[in-house]
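# Descriptive structure summary
For reference, the chains in residue letters:
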Amino acid sequence: MTPPLFNPVAIQSAEEPLIGSAEAAEELCGRLNATMDELLAAIDAETKLVRAGKLIEASDFQPNKSELAKVYVADIEQFKRNALALSRLAPASITALKERHEEFRSLLQINLAVLATAREVSQDIIRNVARQTSAGPAATTYGRSGTMAKEKIVGERGIAVDRNL
């Protein structure tokens, strides 16, 4: 599964005039909703791939997700600057966006938990491999009778790497 290509909309500057019409308010709400749709789709697809253990495929979503997040943050900033006008000019859209934002937050929390779990698992694997490969043979010393102790040598095994993961 490849991530969808994202064509970022122009990120509005902080100096853009405040919204003064219902059409402009609805346009901003629609743009924020569309950005959330794309971001939710990318996050959901990434979460599914990470859960399936397809980490390399999941990492393909990162650039698209970053661009979408930038647009989302810019839209939220514009939204905050126009909060009073938006609540007056597009109250129904604002209510719908608030509900949608809760869905967005819960999916984002799930995604973060899955990513944190994957990170912990990968760190445990790396620690275990490092511990196993760094465990050298046991030191050979003389015993009480002055003879060499016959201990089993540990750590002289090779490691295998599956490059298909």
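Just so you know, these numbers come straight off a predicted model, no measurement behind them.

Any two packed helices are characterised by how steeply their axes cross, that is the angle between the axes, and by the distance between the axes. The contact between helix 3 (residues 62–81) and helix 5 (residues 91–134) brings their axes to 15 Å, and the two run at 145°. Handedness of the crossing formed by helix 3 with helix 5: left-handed. Contacts between helix 3 and helix 5 involve Lys 65, Tyr 72 and Phe 79 from the first element and Ile 94, Leu 97, His 101, Phe 104, Asn 111 and Leu 115 from the second. Looking at side-chain class alone, the contact of helix 3 with helix 5 contains 6 nonpolar, 2 polar and 1 charged residues.

When the terminal C-alpha atoms of helix 5 are compared, their 63 Å separation across 44 residues agrees well with the 64 Å that a helix rising 1.5 Å per residue should span. Within helix 5, the full set of buried residues consists of Ser 93, Ile 94, Leu 97, Arg 100, Phe 104, Leu 107, Asn 111 and Val 114. Here the buried face of helix 5 lies against helix 1 (22–51), helix 3 and helix 4 (83–89).

Under the criterion given, the structure shown has 1 aromatic pair. Ring centres of Tyr 72 and Phe 104 lie 5.0 Å apart, and the angle between their planes is 35°; on these two criteria the pair is classed as tilted. Taken as a pair, Tyr 72 in helix 3 and Phe 104 in helix 5 lie far apart in primary sequence, 32 residues in all. Accessibility classification places Tyr 72 together with Phe 104 in one group, the buried group.

The next point concerns a nonpolar patch on the surface. A surface patch of nonpolar side chains, amounting to about 240 Å² of accessible area, comprises Val 121, Ile 125 and Val 129. In this fold, Val 121 is placed in helix 5. Residue Val 121 is classed as partly exposed on the basis of its relative accessible area, which comes to 44%.

Where the model shows low pLDDT, its predicted coordinates should not be examined in detail. Here the chain averages 79 in pLDDT, while 71% of its residues score no lower than 70. Here helix 5 stands out as the element of the chain with the lowest mean pLDDT, 86, in contrast to helix 1, whose mean of 91 is the highest. Below a pLDDT of 50 lies the segment residues 4–14, which in the model reaches 21 contacts outside its immediate sequence neighbourhood of four places, other chains included.

Definitions and limits used
- Residues numbered from 1 in each chain as written.
- Predicted model: local features only at pLDDT ≥ 70, side-chain atom pairs only at ≥ 80, totals over all residues.
- Heavy atoms only, no water.
- Axes fitted to C-alpha atoms, helices over the stretch in contact; angles between N-to-C directions.
- Helix = DSSP H or I, 4+ residues; strand = E, 2+ residues; numbered from the N terminus.
- Left-handed = near helix turned anticlockwise from the far one by under 90°.
- Contact = heavy atoms within 4.5 Å.
- Nonpolar A, V, L, I, M, F, W, Y, C, P; charged D, E, K, R; others polar.
- Expected span 1.5 Å × (residues − 1).
- Buried < 20%, exposed > 50% of the residue type's maximum accessible area, 1.4 Å probe, protein only.
- Phe/Tyr/Trp six-rings, centres within 6.5 Å; stacked < 30°, edge-to-face > 60°.
- Patch = residues over 30% accessible without salt bridge, like charges linked within 9 Å, V, L, I, M, F, W, Y side chains within 5 Å.
- Areas by Shrake-Rupley, 256 points an atom, 1.4 Å probe, with all protein chains shown as cover.
- Salt bridge = Lys/Arg side-chain N within 4 Å of Asp/Glu carboxyl O.
- pLDDT = per-residue confidence, 0-100.

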